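Per-entry structural report
Each chain is listed here by its residues.
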Amino acid sequence: MNVYGLIGNPVGHSLSPPMHEAGYEALGIDAKYVTFEPPADEGAAAVEAAEKLGVAGLNVTIPFKQDVLAAVDPDPLAQRIGAVNTVDFSGETPRGYNTDAVGAVRALDHHGVELSGTAVVVGAGGAGRAVAFGLADEGMAVRIANRTESKAVDLAADVPEASGHGLDELAELLADADVLVNCTSVGMDEDATPVPAEALHGDLAVLDAVYSPIETRLLRDAAAAGATTVDGAWMLLYQGVEAFERWTGEDAPVDSMNAALRAGL
Ligand code: ATR
């Protein structure tokens, strides 16, 4: 039996175990997915320990995504992002990936969104950084807007074809944009939005990384403006799907994993 898992602190009531285990069950894979909560400064040590214990793969969440870089051989995208959320132990050395970037891309792709033209990414934290790299690698011109403008400008300097802005420029940035992704925590457990409703329009596809609530005010406003909407559970699903496929080498049973995830939300 293979053991997969998640390290985080706090690891909380993660939806990853039911989501991944639904995938194992659908494909008849003999595996378990468990959560671990190592001390906050022991991320790299936890990865080394997991390798020694024969763990097959680990997901990594806050606060360990940067620290575990020291314990893995990161793939080029994870190296550029500077954060790892998936470790595969099947090779000689632990390999690190960032499936958050691909998760956003695949969530949009699932909804038929064409990833060309211009994307506006709101937020310049860990999620914003991963999504900005993911969309830029698809060939999109990325405009990053953040409350703290200097963080957007710094991030844009690392991402190809990107520019950094303050939130006051959002209406202008969105006017001719094709895709909008909210990577801030605004809207989480509150009826707030990081983007004024007047700035949204029908030619946009809007992905909100917030998944609690599943229908955020941003997504309601986007639907009212005639935009295509993609909720945050799709991004959560596809970062897991991508990890599942890296670990097992099989196409993930997306419908089964999606059903298990949504049942837990
Ligand atoms: P994550 O790893 O989930 O991206 P993070 O690194 O803490 O989390 O980043 C949080 C993001 O949400 C940041 O872009 C933050 O903006 P600042 O860089 O200015 O702090 C943004 N954010 C959080 N609360 C916000 C608020 N009330 N209004 C606007 N942006 C907010």
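Parameters at a glance
- Within each chain, residue numbers correspond to sequence positions counted from 1 in written order.
- Two thresholds apply to this predicted model, a pLDDT of at least 70 for residue-level local features and 80 or more for giving and counting side-chain atom pairs, whereas whole-chain, interface and lining totals are computed over all residues.
- Only hydrogens and water are set aside when side-chain values are computed; all heavy atoms of the structure are taken into account.
- Strand pairing is defined by DSSP finding a minimum of two bridges between the two strands.
- Think of it this way: any DSSP run of H or I at least four residues long counts as a helix, any run of E at least two long counts as a strand, and we number them from the N terminus.
- Any two residues whose heavy atoms approach within 4.5 Å are treated as being in contact.
- Structural elements are reduced to axes, namely lines fitted to C-alpha atoms, with helices fitted over the stretch in contact, and the angle between N-to-C directions of any two is expressed from 0 to 180 degrees.
- As defined here, a cavity is a set of points on a 1 Å grid over the protein atoms alone where a 1.4 Å probe fits but cannot get out. A pocket is an open set with protein on both sides within 12 Å along at least five of seven lines, and residues line them when an atom is within 4 Å of a point.
- Grid points are joined across faces, edges and corners, and a volume is the space filled by probe spheres set on the points.
- When residue character is reported, Ala, Val, Leu, Ile, Met, Phe, Trp, Tyr, Cys and Pro are called nonpolar, Asp, Glu, Lys and Arg charged, and the others, Gly included, polar.
- Call a crossover right-handed when, viewed with both strands pointing away from you, the route from the first strand across the helix to the second goes clockwise.

Some thoughts on the sheet that holds strand β6 (residues 95-97)
- Spatial strand order, β2-β1-β3-β5-β6-β4: six strands in an open sheet with mixed pairing. Among the strands making up the open sheet, the edge pair consists of β2 (31-36) and β4 (73-74).
- Sheet topology note: the strand β5 (residues 86-88)/β6 ladder contains three bridges and is antiparallel. Across the sheet, V87 pairs through a bridge with G96, a residue of β6.
- Here helix α2 (residues 43-53) sits on the sheet in contact with β1 (2-7), β3 (57-60) and β5, set at roughly 175 degrees to β1.
- The sheet strands contacting helix α9 (residues 232-248) are β1, β2, β3, β5 and β6, and the helix crosses β5 at an angle near 5 degrees.

Remarks on the sheet that holds strand β10 (residues 179-182)
- Pairing within the open sheet is parallel, and its six strands lie in the order β9-β8-β7-β10-β11-β12. At either margin of the open sheet sits one strand with a lone partner, and together these are β9 (162-166) and β12 (228-230). With direction set aside, neighbouring strand axes in the sheet form an average angle of 20 degrees.
- As judged from the three bridges shared by strand β11 (residues 205-208) and β12, these two strands associate in the parallel manner. Within the sheet, the bridge partner assigned to L207 lies in β12 and is V230.

Here we look at the layout of surface pockets
- Considered as a void within the structure, the largest pocket measures approximately 1,400 Å³ in volume.
- Lining the largest pocket we find 40 residues, and of these T61, I62, K65, Y211 and L236 sit closest to its centre.
- Sorting the residues of the lining of the largest pocket by element identifies α1 (16-27), β3, α5 (126-137), α9 and α10 (254-264) as the ones contributing at least two each.
- Take the lining of the largest pocket: its biggest share by element is four residues, from α9.
- Split by residue class, the lining of the largest pocket holds 21 nonpolar, 16 polar and three charged.
- The volume enclosed by the second largest pocket comes to roughly 270 Å³.
- If one sorts the elements of the lining of the second largest pocket by residue count, α5 sits on top with three residues.
- Across the lining of the second largest pocket, the residue classes break down as seven nonpolar, eight polar and two charged.

A closer look at the pairing of strand β8 (residues 141-146)
- In this sheet, β8 lies alongside strand β7 (residues 118-122) in parallel orientation, the contact comprising five bridges. Considered in β8, the bridge of T118 is made with A141.
- This β-α-β element, β7 to α5 to β8, shows right-handed connectivity.
- Once you follow β8 into helix α6 (residues 149-158) and on to β9, the crossover reads as right-handed.

A short note on unusual backbone geometry
- Omega for the bond connecting N9 with P10 falls within 30 degrees of zero, at 5 degrees, which places this linkage in the cis form.
- For P10, the position within the fold is in the loop between β1 and α1.
- Unlike most non-glycine residues, E161 shows phi in positive territory, near 60 degrees.
- Here E161 lies in the loop between α6 and β9.
- The backbone phi angle of D189 is positive, close to 55 degrees, even though this residue is not glycine.
- Along the chain, the position of D189 falls in the loop between β10 and β11.

Topic: the environment of T93
- Along the chain, the position of T93 falls in the loop between β5 and β6.
- Expressed as a C-alpha distance, the spacing of T93 and V72, which sit 21 residues apart in the sequence, is 7.0 Å.
- Once you skip the residues sitting within four places of it in the chain, T93 turns out to touch D73 and D88.

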